[in-house]
Amino acid sequence: MSWGTELWDQFDNLEKHTQWGIDVLEKYIKFVKERTEIELSYAKQLRNLSKKYQPKKNSKEEEEYKYTSCKAFLSTLNEMNDYAGQHEVISENMTSQITVDLARFVQELKQERKSNFHDGRKAQQHMETCWKQLESSKRRFERDCKEADRAQQYFEKMDADINVTKADVEKARQQAQIRHQMAEDSKADYSSSLQKFNQEQHEYYHTHIPSIFQKIQEMEERRIVRIGESMKTYAEVDRQVIPIIGKCLDGIVKAAEAINQKSDSQLVIEAYKSGFEPPGDIEFEDYTQPMKRTVSDNSLSNSRGDGKPELKFGGKSKGKLWPFIKKNKSPKQQKEPLSHRFNEFMISKPKIHCFRSLKRGLSLKLGATPEDFSNLPPEQRRKKLQQKVDELNKEIQKEMDQRDAITKMKDVYLKNPQMGDPASLDHKLTEVSQNIEKLRLEAQKFEAWLAEVEGRLPTRGEQARRQSGMYDGQGAPTTANSCAQDRESSPDGSYTEERSQENEVKVLATDFDDEFDDEEPLPAIGTCKALYTFEGQNEGTISVIEGEILYVIEEDKGDGWTRIRRNEDEEGYVPTSYVEVYLDKNAKGAKTYI
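Residues numbered from 1 in each chain as written. Predicted model: local features only at pLDDT ≥ 70, side-chain atom pairs only at ≥ 80, totals over all residues. Heavy atoms only, no water.

Draft legend 1. Structural context of the packing of helix α4 (residues 68–160) against helix α5 (residues 166–257). Viewed as axis vectors pointing N to C, α4 and α5 meet at an angle of 170 degrees, and their least axial separation amounts to 6 Å. Between α4 and α5, the interaxial angle falls into the category roughly antiparallel. Of the residues in the contact of α4 with α5, the class split is 44 nonpolar, 21 polar and 24 charged. (Axes fitted to C-alpha atoms, helices over the stretch in contact; angles between N-to-C directions. Helix = DSSP H or I, 4+ residues; strand = E, 2+ residues; numbered from the N terminus. Parallel < 35°, antiparallel > 145°, perpendicular 65-115°, else oblique. Nonpolar A, V, L, I, M, F, W, Y, C, P; charged D, E, K, R; others polar.)

Structure below.
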């Protein structure tokens with residue numbers, strides 16, 4: 001069916017219809033454009049969501065992702081990130097394959113439509129001109145005919161009148177002839193105009209208009225086909241990413257199936273295992289003879305009637321609670337015997353041999369983490385040291401690779417001087433060698449600590465023997481020796497100790513029990529002056545300003561750190577090389593360790 005033959009008289013309606021078709025196409029373009037914006041917004045929100053729950057680097061959260069359930073969650077976040085990428089692909093493909101192409105097509109369509117209807121209006125105007133010419137010639141022919149008829153009647157009237165002169169009659173006759181000739185000329189002109197108009201009209205309705213309407217019809221049909229193809233592309237763009245989205249979802253399912261509760265349970269054991277053995281049985285102490293109290297194997301001190309020197313402790317450390325013993329905040333109750341409480345402590349924490357280590361271990365809550373991780377239980381300390389050794393070995397290997405590369409480059413420069421100066425690499429080579437030496441010394445230090453920890457970890461049998469015979473007849477000197485041997489090079493290790501050669505203060509059992517109530521700060525043993533400004537950024541350190549005077553509460557134990565106090569609330573460690581210490585001899589002589 002052709003619009004030219006069927007709709008020859010519907011020029012205005014076709015103009016409105018084609019404009020409506022272009023409006024529909026623009027509406028579809030707007031729809032696709034909004035869909036692409038939604039896809040981009042959705043992808044952005046998914047990426048932000050995935051990023052929000054990603055573990056932060058060098059944080060505690062990153063360590064938690066060693067568990068299979070957390071790994072599965074991390075895989076889910078990564079898959080969601082890829083999932084978001086596919087929605088971005090949908091947006092990009094719809095924009096490039098639909099929105100951009102259709103926008104260009106609409107512009108072409110508008111230009112073509114404008115041209116076709118311009119030709120149609122031009123043909124209409126030509127037909128209107130032809131019609132006006134025909135009407136004009138027709139009216140002129142009609143007027144001339146009437147004038148000729150009146151002239152003829154006037155001539156006949158004059159010819160019949162006997163009173164009219166012959167000259168007047170001749171004049172009327174000539175006038176009638178002129179009018180008749182004019183009518184004949186108008187008739188010929190009208191006939192010619194009519195013939196021309198009919199010819200133009202036939203060409204208009206059978207040639208011009210069908211051709212123009214055919215072009216408009218083809219334009220409209222192309223628009224319809226194009227919008228259908230765009231809808232297919234719209235669906236195909238979505239269909240193309242479905243396999244990849246399916247893989248993302250399969251990845252999430254696979255990660256979920258990889259969750260292993262047994263493996264996570266084992267990781268919990270490895271993360272929190274202390275390496276200690278469970279406490280042994282508490283031996284019975286006979287109190288049936290209160291005046292003849294015998295010394296129990298697990299008793300802290302000997303009775304005064306034995307003639308043996310009492311075990312003495314120095315300093316005050318109120319408020320320090322033994323591990324696994326909660327502070328009793330109920331009204332005063334009858335206190336347990338000293339030996340029983342100390343036995344309970346020694347059995348539950350056999351690694352801590354003396355009170356000084358306990359105090360320094362609990363003080364870690366306010367101080368920095370020791371370099372040798374001595375604040376951790378043996379098993380955890382071993383893992384940390386092993387991790388540190390592995391890291392140092394990797395750094396050493398990296399530096400060695402760099403040294404080898406510089407050496408090879410130097411050899412190339414030696415063989416080909418035009419490529420570079422070999423001497424220019426000496427400084428870098430020396431620097432790398434020094435770094436390797438420093439890292440090796442550091443690794444040796446940590447390896448020594450690691451070997452010491454691995455040597456200390458007892459078997460279950462050894463642990464039981466040590467618990468059962470901890471305070472027998474020769475137990476006291478053994479404990480004292482172990483306290484001296486267990487000293488570590490850390491500013492505040494919880495399992496460190498040093499041999500005290502200061503005067504000791506006798507502690508009665510009743511006074512010792514009172515030490516569980518409150519804590520008093522360590523006494524000052526001197527003063528110090530800050531030689532340089534130190535920014536204490538790590539936990540346990542304190543910042544000082546050059547020239548500042550502060551109190552010394554603990555000397556350097558060989559680890560390069562001195563413990564100082566500014567006021568009752570501010571204390572911490574500073575490098576010994578940053579301060580000049582002035583010890584008070586009287587205070588130092590009275591200094592004790594708990």
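What follows picks up the thread again.
Draft legend 2. Main features of the pattern of salt bridges. Applying the stated rule across the entire model yields 23 salt bridges. The closest approach of N and O atoms between K146 and E142, which form a salt bridge, is 3.5 Å. Placement of both K146 and E142 in helix α4 is noted, with a separation of four residues, approximately one turn of the helix. Under the relative-accessibility criterion, K146 is labelled partly exposed at 47%. Connected via shared salt-bridge partners are E554, K557, R563, R565 and E571. (Salt bridge = Lys/Arg side-chain N within 4 Å of Asp/Glu carboxyl O. Buried < 20%, exposed > 50% of the residue type's maximum accessible area, 1.4 Å probe, protein only.)

Draft legend 3. Region of interest: a negative patch on the surface. Taken together, the side chains of E61, E62, E63 and E64 make up a negatively charged region of the molecular surface. Among the secondary structure elements, E62 is positioned in helix α3 (residues 60–64). Given a relative accessible area of 39%, E62 falls into the partly exposed group. (Patch = residues over 30% accessible without salt bridge, like charges linked within 9 Å, V, L, I, M, F, W, Y side chains within 5 Å. Areas by Shrake-Rupley, 256 points an atom, 1.4 Å probe, with all protein chains shown as cover. Lys, Arg positive; Asp, Glu negative; His and termini not counted. Charge placed at Lys NZ, Arg CZ, Asp CG, Glu CD.)

Draft legend 4. Main features of the nonpolar core. Counting 38 residues, the largest nonpolar core has L25, Y28, M94, I98, F213 and I216 as its most contacted members. When contributions to this core are tallied by element, the ones reaching two or more residues are α2 (11–52), α4 and α5. It is α4 that provides the largest number of residues to this core, a total of 15 residues. Beyond its immediate sequence surroundings of up to four residues, I98 is in contact with Y28, V32, N93, S230, T233 and Y234. Counting 17 residues, the second largest nonpolar core, distinct from the first, contains L385, L425, L429 and W449. (Core = buried A, V, L, I, M, F, W, Y, C linked by side-chain atoms within 4.5 Å. Contact = heavy atoms within 4.5 Å.)

Draft legend 5. Representation of the confidence of the model for the protein chain. Summary statistics for the protein chain give a mean pLDDT of 76 and a share of 74% for residues scoring 70 or more. Within the protein chain, helix α12 (residues 475–485) has the poorest average pLDDT of any element, 36, and α2 the best, 93. Under a pLDDT of 50 for its full length, residues 291–366 has, in the predicted model, 169 contacts with residues more than four places off or in other chains. Taken together, the stretch residues 588–594 has pLDDT below 50 and engages in 27 contacts with residues farther than four places along the chain or on a different chain. (pLDDT = per-residue confidence, 0-100.)

Draft legend 6. Main features of the sheet that holds strand β4 (residues 571–575). Pairing in this open sheet of five strands is antiparallel, and the strands run β4-β3-β2-β1-β5 from one edge to the other. The open sheet has two free edges, formed respectively by β4 and β5 (579–583), since each of these has just one partner strand. Neighbour-to-neighbour, the strand axes of this sheet turn through a mean angle of 40 degrees, independent of strand direction. In this structure, strand β3 (residues 561–565) lies alongside β4, joined through five bridges in antiparallel fashion. What sits directly across from R563, in β4, is Y573. (Pairing = 2+ DSSP bridges.)

Draft legend 7. Spatial organisation of the pairing of strand β2 (residues 549–554). Across four bridges, the pairing between strand β1 (residues 526–530) and β2 is antiparallel. What sits directly across from C528, in β2, is L550. Pairing analysis gives three bridges linking β2 to β3, with the strands arranged antiparallel. Along β3, the bridge assignment pairs E554 with R563.

Draft legend 8. Layout of α5. Over its 92 residues, α5 extends 133 Å from the first C-alpha to the last, a length consistent with the 136 Å expected when each residue adds 1.5 Å. By the largest-angle criterion, Y204 marks the main kink of α5, which is about 45 degrees. (Expected span 1.5 Å × (residues − 1). Bend = angle between axes of the 7 residues up to and from the residue.)

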